[in-house]
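For reference, the chains in residue letters:
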Amino acid sequence: MEAIRVMEALTLIVTLVMYSTGIVPCYQMYKSRSTKNVPFHIFLLGTVACLGMFHYGLMLDNGVLMFLNGVGALLQAFYMLLYISIVKSKGLSLLLLLSAVLYQAALYTYLFKNIQDKSARAEALGTASSILTTVLLVLPAFEVVDNIRNKNADGMPAVMLIGGIVCSLCWIMYGVMLNDPVVYVRLPIEGTV
């Protein structure tokens, strides 16, 4: 049990540090008034995923999940709103934000109208949020591959890439130790993501 507490503390710290990696590109964006290389989609997906995982933690009465994802949702939402305030052409950003709101509304409508059992509802919300988080953490890998293929150093800031990778590894180990498939996503083939 002690190893789980150590991993929990490490995951907590690493996640908070990872959330703070958005400060650097947002500060540069604010200072330069340019949104170049600032990953709005990551901030948007991060906000949605953190809100879902916060509610999952609330349903389980898990203070660690509520704290981490509450902080994450606030930071990601701040980064996202700062981006929207600075970007010159707001149409796409606002459309993506509307899509995220509609996704959340559809998900919660489904969960609360169709799943009466509270533990099944929590598991469904946790699974949906965990899958979204997994997608969120995999997206930068595609950008790295594209940058290598095009011999281009532009793209997501390295501090965010490294923070995401380390954070992902911590959550996988923590989820395996808890034996909670919502914290780590089991694939149909052997292994985890």
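One structure accompanies this document, and this report is about it.

1. Overview of helix α7 (residues 158-178)
Argument step 1. Over its 21 residues, α7 extends 30 Å from the first C-alpha to the last, a length consistent with the 30 Å expected when each residue adds 1.5 Å.
Argument step 2. By the burial criterion, the buried members of α7 are M160, L161, G163, G164, C167, S168, C170, W171, Y174 and G175.

2. Re the packing of helix α1 (residues 2-20) against α7
Argument step 1. Contact geometry for α1 and α7: axes closest at 9 Å, N-to-C directions at 155 degrees. Judged by the inter-axis angle, α1 sits roughly antiparallel to α7. As for the relative orientation of α1 and α7, their crossing is left-handed in sense. Between α1, through A3, I4, M7, E8, L10, T11, V14, T15 and M18, and α7, the contact on the second element is made entirely by G163, G164, V166, C167, C170, W171, M173, Y174, M177 and L178.
Argument step 2. Split into classes, the residues belonging to the contact of α1 with α7 amount to 14 nonpolar, 4 polar and 1 charged.

3. Concerning the side chain of T35
Argument step 1. Mapped onto the elements, T35 comes out in the loop between α2 (23-32) and α3 (40-60).
Argument step 2. On the basis of relative accessible area, T35 is assigned to the buried category, the value being 18%.
Argument step 3. Discounting chain neighbours no more than four positions away, the residues touching T35 are M29, Y83, I86 and V87.

4. Observations regarding the pattern of salt bridges
Argument step 1. With the rule as written, the count across this model stands at 1 salt bridge.
Argument step 2. The salt bridge involving E8 is made with R5; its shortest N-O contact spans 3.2 Å. A residue pair is termed a helical-turn pair when its members lie 3 or 4 positions apart in one helix, as E8 and R5 do in helix α1 at 3 residues.
Argument step 3. In this structure E8 comes out as buried when scored by relative accessible area, which is 16%.
Argument step 4. Judged by relative accessible area, which is 41%, R5 ranks as partly exposed.

5. Observations regarding the environment of A124
Argument step 1. Relative to the helices and strands, A124 is located in helix α6 (residues 118-149).
Argument step 2. Residue classification places A124 among the partly exposed positions, given a relative accessible area of 25%.

6. As for the side chain of T11
Argument step 1. As for its placement among the helices and strands, T11 is situated in helix α1.
Argument step 2. Residue class for T11 comes out buried when judged on its relative accessible area of 1%.
Argument step 3. Leave out the neighbours within four places in its chain, and T11 touches C170, W171 and Y174.

7. Some words on the packing of α3 against helix α4 (residues 63-86)
Argument step 1. Across the interface, α3 lies against α4 with an axial gap of 8 Å and an inter-helix angle of 155 degrees. With respect to each other, α3 and α4 are oriented roughly antiparallel. Here α3 runs over α4; the crossing is left-handed.
Argument step 2. Looking at the contact of α3 with α4 residue by residue, the class counts come to 18 nonpolar, 7 polar and no charged.

8. What about α4?
Argument step 1. Here α4 spans 34 Å end to end across 24 residues, near enough to the 34 Å set by a 1.5 Å rise per residue.
Argument step 2. You can read the cap of α4 off the contacts: a side-chain oxygen lies 3.0 Å from the backbone nitrogen of V64, and it is on N62.

Rules of the game
Residues numbered from 1 in each chain as written. Predicted model: local features only at pLDDT ≥ 70, side-chain atom pairs only at ≥ 80, totals over all residues. Heavy atoms only, no water. Helix = DSSP H or I, 4+ residues; strand = E, 2+ residues; numbered from the N terminus. Expected span 1.5 Å × (residues − 1). Buried < 20%, exposed > 50% of the residue type's maximum accessible area, 1.4 Å probe, protein only. Axes fitted to C-alpha atoms, helices over the stretch in contact; angles between N-to-C directions. Parallel < 35°, antiparallel > 145°, perpendicular 65-115°, else oblique. Left-handed = near helix turned anticlockwise from the far one by under 90°. Contact = heavy atoms within 4.5 Å. Nonpolar A, V, L, I, M, F, W, Y, C, P; charged D, E, K, R; others polar. Salt bridge = Lys/Arg side-chain N within 4 Å of Asp/Glu carboxyl O. Polar contact = N/O pair within 3.5 Å; in protein donor to acceptor, adjacent residues only side chain to side chain.

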